[in-house]
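Residue strings, one per chain:
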Amino acid sequence: MLWPFELHRSYHRRNDIHARFGGQQQGGISTPANAPGIFIFTGHGADHVGYQDVFEADGSFRYTGQGQLGDMRMISGNRAIRDHVQNGKDLLLFQQTKRGGPVRFEGLYVCGGWEIEQQPDMHGQPRQAIVFMLVPQNGLSIEAVDLATETPPDLPLVELRERAFQAALASDEASPRVALANVRARSKAVRDYVLARAAGVCEGCRSTAPFLTTMGQPYLEAHHIHKLSDGGPDHPASVAALCPNCHRQAHFGADQVALNEVLLEQIRIIEK
Ligand SMILES: [Zn+2]
Ligand SMILES: [Zn+2]
């Protein structure tokens with residue numbers, strides 16, 4: 001994880017988050033134009049009506065969307081959460097426990113779906129609220145061990161591609177169990193396709209994968225180009241299959257910005 005926020009540490013919202021990355025300094029959903037993430041705030045003093053926000057037993061989080069009066073609509077911040085996968089944005093959740101106090105970083109999340117629920121608005125009138133089902137990205141990240149012990153599905157590339165593009169579309173089914181299953185399936189569909197597309201050759205340096213796994217598959221890693229962290233689903237046109245060297249370089253190299261731009265352009269041509 002390459003965002004400069006540590007899990008469960010407290011930050012000053014304006015100085016530590018917005019001064020550095022931009023985005024609206026008020027409200028529950030902050031959508032900076034030039035950072036690869038969306039900042040979500042829950043709890044007191046976030047000008048956020050989500051006193052119904054709740055962590056489920058499985059770690060997923062029910063987050064009430066934006067809009068203080070009347071029915072909520074799928075616009076601005078709400079739309080940004082729904083479409084964050086296609087837009088290559090991470091979701092970063094912060095919790096404020098005291099009005100005006102610091103915000104605590106609760107981690108990276110993936111939107112697994114949403115539902116419409118009747119809730120009171122800020123005047124106590126019943127209205128239709130959008131409730132997002134957010135799944136913690138922790139545990140979804142593409143670990144080397146997953147790649148090394150899996151065999152790819154035995155399907156033609158066109159079919160894997162179709163599945164990956166379909167999976168990247170937002171889903172509106174939203175029970176916690178379904179949301180988690182959605183996110184896992186999306187993540188795997190994108191990874192299966194990207195590895196098949198690479199066909200054992202690194203999409204960065206064009207070298208053959210450095211070794212075969214115990215399952216006899218060429219070893220490459222899935223890299224999410226737009227995001228600061230890997231893991232969770234992403235659009236197939238912004239995920240590259242890289243050898244371990246290129247992958248480290250894409251995250252830590254002095255030339256990482258240029259390298260990521262080249263990768264994006266190459267994949268754009270392939271996926272056109
Ligand atoms: Zn490489
Ligand atoms: Zn990566």
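**As for the coordination of the zinc ion (ligand 2)**
By definition of the ideal shapes, a tetrahedral metal site with four donors has angles of 109.5 degrees and an octahedral site with six donors has angles of 90 or 180 degrees.
Phase 1: Surrounding the zinc ion (ligand 2) are the protein donor atoms His223 (ND1), Asp230 (OD), Asp230 (OD), His247 (NE2) and His251 (NE2), at 1.9 to 2.7 Å.
Phase 2: Going along the chain, you hit the donors of the zinc ion (ligand 2) in the pattern H-x6-D-x16-H-x3-H. Taken together, the residues His247 and His251, both in helix H6 (residues 244-252) and four residues apart, mark about one turn of the helix.
Phase 3: The buried category is assigned to His251, whose relative accessible area is 9%.

**Some thoughts on the pattern of salt bridges**
Phase 1: Applying the stated rule across the entire model yields 13 salt bridges.
Phase 2: Note that Glu106 is salt-bridged to Arg104, the shortest N-O span being 2.9 Å.
Phase 3: Under the relative-accessibility criterion, Glu106 is labelled buried at 9%.
Phase 4: Arg197 is paired through a salt bridge with Glu271; the nearest N and O atoms lie 2.8 Å apart. Of this pair, Arg197 sits in helix H5 (residues 176-198) while Glu271 sits in helix H7 (residues 256-271), and the two are 74 residues apart along the sequence.

**Here's the deal with the coordination of the zinc ion (ligand 1)**
Phase 1: Protein-derived ligands of the zinc ion (ligand 1) are Cys202 (SG), Cys205 (SG), Cys243 (SG) and Cys246 (SG), with the metal-ligand distances lying across 2.3 to 2.4 Å.
Phase 2: One can describe the site at the zinc ion (ligand 1) as tetrahedral: its four donor atoms subtend angles covering 104 to 114° at the metal.
Phase 3: Going along the chain, you hit the donors of the zinc ion (ligand 1) in the pattern C-x2-C-x37-C-x2-C. Taken together, the residues span a long stretch of sequence, with Cys205 in the loop between H5 and strand S9 (221-224) and Cys246 in helix H6 at a distance of 41 residues.
Phase 4: Overall, Cys205 belongs to the partly exposed group, its relative accessible area being 38%.
Phase 5: The class of Cys246 is buried, set by a relative accessible area of 7%.

Rules behind the numbers
Residues numbered from 1 in each chain as written. Chains lettered and ligands numbered in written order. Predicted model: local features only at pLDDT ≥ 70, side-chain atom pairs only at ≥ 80, totals over all residues. Heavy atoms only, no water. Donors = N, O, S within 2.8 Å, 3.2 Å for Na, K, Ca; no water. Helix = DSSP H or I, 4+ residues; strand = E, 2+ residues; numbered from the N terminus. Buried < 20%, exposed > 50% of the residue type's maximum accessible area, 1.4 Å probe, protein only. Salt bridge = Lys/Arg side-chain N within 4 Å of Asp/Glu carboxyl O. Tetrahedral: all angles 85-135°; square planar, octahedral: opposite > 155°, others 65-115°.

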